[in-house]
Amino acid sequence: MAELIGKNKINTSVFISGRGSNLKNLFKFSKQKQSLIKISLVLSSSKMAKGLKFAKSNNIKYLSINYNQKNIEKKILLILKKNNIHMICLAGFMKILSKNFISKFKGKILNIHPSLLPKYKGLNVHERVLKNKEKYTGATVHLVNSKLDSGKIIAQKRIMVLKKDNKKSLEKKVLKIEHKIYPEAIKILLTNY
Ligand code: GRF
């Protein structure tokens, strides 16, 4: 992606489905002088997503997409093209993108996952980590390929799971490191690939 870095910041779309704390964090990062990205579009798979409110109140263009529509990915691709989007950051996006969609943005879609991938792909990570009495957990930012939570790892950070931890405390701690590594991963991707 290094070839994309020119005078202008890279037009980025963040895909969400819910709370949007990573969106908030990425937006903050994008506002830094040295930042390489501009968040030009927020796309949500749910109109109820809290993150949409954030987009609205910060004057970021946003859209909620009704996933029950026919040819929805074709429509999304068109919207991305119209908005000149060159990179996609998935941040709590609960839909699976097709192989075809991913191929159109090969090496340009990042996802954040609240585990030490390749361990604990999928949902309910913190419950499973606690149940298995793991000593460590963490967060991973990876490139998206056609297999769930399986693309090349760009950034990862681990933390200890303490005896007193529960689902809520783990989620809080992991989210904190998510907010640290997502901007780091973007820098790495944009300068080294
Ligand atoms: C995060 O834990 C992220 O790792 C996972 O979904 C959650 C989204 O949180 N993919 P938020 O909407 O960014 O607050």
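Conventions and cut-offs
Residues numbered from 1 in each chain as written. Predicted model: local features only at pLDDT ≥ 70, side-chain atom pairs only at ≥ 80, totals over all residues. Heavy atoms only, no water. Phe/Tyr/Trp six-rings, centres within 6.5 Å; stacked < 30°, edge-to-face > 60°. Helix = DSSP H or I, 4+ residues; strand = E, 2+ residues; numbered from the N terminus. Buried < 20%, exposed > 50% of the residue type's maximum accessible area, 1.4 Å probe, protein only. Lys NZ or Arg CZ within 6 Å of the ring centre and 35° of its normal. Near = heavy atom within 4 Å. Polar contact = N/O pair within 3.5 Å; in protein donor to acceptor, adjacent residues only side chain to side chain. Areas by Shrake-Rupley, 256 points an atom, 1.4 Å probe, with all protein chains shown as cover. Nonpolar A, V, L, I, M, F, W, Y, C, P; charged D, E, K, R; others polar. Pairing = 2+ DSSP bridges. Axes fitted to C-alpha atoms, helices over the stretch in contact; angles between N-to-C directions. Salt bridge = Lys/Arg side-chain N within 4 Å of Asp/Glu carboxyl O.

## Thoughts on the packing of aromatic side chains
Taken as a whole and assessed by the stated rule, the structure comprises five aromatic pairs. Ring geometry for Phe-27 against Phe-54: centres 5.6 Å apart, planes inclined by 80°, an arrangement best described as edge-to-face. Of this pair, Phe-27 sits in helix α1 (residues 21–30) while Phe-54 sits in helix α2 (residues 50–57), and the two are 27 residues apart along the sequence. No difference in accessibility class separates Phe-27 from Phe-54, as the two residues are buried. Ring plane angle 20° and centroid distance 6.2 Å describe the contact between Phe-101 and Phe-105, whose orientation is recorded as stacked. Taking the relative accessible area as the measure of exposure, Phe-101 reaches 0% and is therefore buried. Aromatic rings pair up to connect Phe-15, Tyr-67, Phe-93, Phe-101 and Phe-105 into one cluster. The ring of Tyr-136 carries the charged tip of Arg-158 above its face, separated from the ring centre by 3.7 Å.

## Some details on the site of the ligand
Around the ligand lies a shell formed by Arg-19, Gly-20, Ser-21, Asn-22, Gly-92, Ile-112, His-113, Pro-114 and Glu-178. Residue Asn-22 places a main-chain N or O atom 2.9 Å away from an oxygen atom belonging to the ligand. For the ligand, a nitrogen atom lies 3.0 Å from a polar atom in the backbone of Ile-112. For the ligand, the protein covers 84% of the area, taking 370 Å² as the surface of the free molecule. Those elements that place two or more of their residues in the shell around the ligand are α1 and β5 (109–113). Considered class by class, the residues forming the shell around the ligand number two nonpolar, five polar and two charged.

## So, the sheet that holds β5
Read from one edge to the other, the open sheet built from seven strands follows the order β3-β2-β1-β4-β5-β6-β7, with strand pairing classed as mixed. Two strands in the sheet have a free side with no partner beyond their single neighbour: β3 (62–64) and β7 (153–160). The sheet shows a mean angle of 20° between the axes of neighbouring strands, direction not considered. Where strand β2 (residues 37–44) meets β3, three bridges bridge the pair, whose relative direction is parallel.

## Details of the pattern of salt bridges
Tallied over the entire structure, the rule returns five salt bridges. In this structure, Arg-19 and Glu-171 form a salt bridge, with 3.0 Å as the shortest nitrogen-oxygen distance. Of this pair, Arg-19 sits in the loop between β1 (10–16) and α1 while Glu-171 sits in helix α6 (residues 167–192); the two residues are 152 residues apart in sequence, bridging distant segments of the chain. Among the salt bridges present, the one from Lys-173 reaches Asp-165, with a minimum N-O distance of 2.7 Å. A residue is classified by how much of its surface remains accessible, and Lys-173, at 27% relative accessible area, is partly exposed. Residue class for Asp-165 comes out buried when judged on its relative accessible area of 11%.

Taken by themselves, the reported measurements are silent on function.
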